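# Breakdown of the fold
One-letter residues, chain by chain:
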Amino acid sequence: QVQLVESGGGLVQAGDSLRLSCAASGRTFSAYPMAWFRQAPGKDRDIVAAISGSGGSTHYADFTKGRFTISRDNAKNTVYLQMNSLKPEDTALYYCAVGRSPYSSIERGSTYAYWGQGTQVTVSS
């Protein structure tokens, strides 16, 4: 059974940094795309960043504007999201996800079939 556990969220001030981690278990994920999504209250869930199985391809939402970096350590079955220069509008529940196929497009939301429970990020002004 696939399980994803996020950690690293918290309450920070605008301009601070956070590093989110997502540990995956249940199978080997090195071939599969992984991604971070976020959902703020009353809003749709948006993709934040995605990374291919090898780590060679990445995709970022425009709102990250070079502030966020996604990476993965396949030996640890873990994906990370480094978030710098955080803004109050980054406040959301952040989820990690794993793709259903190694061949799916990493930037499409429909690629992702397995989800964690989320970690809350709150940025105060």
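In this text, all values refer to a predicted model and were calculated from it rather than measured experimentally. (Residues numbered from 1 in each chain as written. Predicted model: local features only at pLDDT ≥ 70, side-chain atom pairs only at ≥ 80, totals over all residues. Heavy atoms only, no water.)

### Brief notes about the nonpolar core
- By size, the foremost hydrophobic cluster in this structure holds 26 residues, and its most contacted members are Trp 36, Val 79, Leu 81, Met 83 and Tyr 94.
- Those elements that provide at least two residues to this core are strand 3 (18-25), strand 4 (34-39), strand 5 (46-51), strand 7 (68-73), strand 8 (78-83), strand 9 (92-99) and strand 11 (119-124).
- Here Tyr 94 is in contact with Glu 6, Leu 20, Trp 36, Phe 37, Arg 38, Val 48, Phe 68, Leu 81, Met 83, Gly 118, Thr 119 and Val 121, once residues within four sequence places are set aside.
- Ala 35, Ile 47, Ala 97 and Tyr 112 belong to the second-largest nonpolar core, a separate cluster that totals seven residues. (Core = buried A, V, L, I, M, F, W, Y, C linked by side-chain atoms within 4.5 Å. Buried < 20%, exposed > 50% of the residue type's maximum accessible area, 1.4 Å probe, protein only. Helix = DSSP H or I, 4+ residues; strand = E, 2+ residues; numbered from the N terminus. Contact = heavy atoms within 4.5 Å.)

### Observations regarding the state of the cysteines
- Tallying each qualifying case throughout the model produces one disulfide.
- Across the disulfide, Cys 22 is cross-linked to Cys 96 (sulfur-sulfur distance 1.8 Å). On the criterion of sequence distance, the pair formed by Cys 22 in strand 3 and Cys 96 in strand 9 is long-range, its members being 74 residues apart. Both residues of the pair, Cys 22 and Cys 96, count as buried. (Disulfide = S-S within 2.5 Å.)

### A word on the packing of aromatic side chains
- All told, the structure shown has two aromatic pairs when counted by the stated rule.
- Ring centres 5.5 Å apart and planes at 75° place the aromatic pair Phe 37 and Tyr 112 in the edge-to-face group. Residue Phe 37 is found in strand 4, and its partner Tyr 112 is found in strand 10 (residues 112-115); the two are separated by 75 residues along the sequence.
- The class of Phe 37 is buried, set by a relative accessible area of 4%.
- Judged by relative accessible area, which is 4%, Tyr 112 ranks as buried.
- Of the aromatic side chains, those joined through ring pairs into one cluster are Phe 37, Tyr 112 and Trp 115.
- Over the aromatic face of Tyr 95 sits the side chain of Arg 45, whose NZ or CZ is 5.9 Å from the ring centroid. (Phe/Tyr/Trp six-rings, centres within 6.5 Å; stacked < 30°, edge-to-face > 60°. Lys NZ or Arg CZ within 6 Å of the ring centre and 35° of its normal.)

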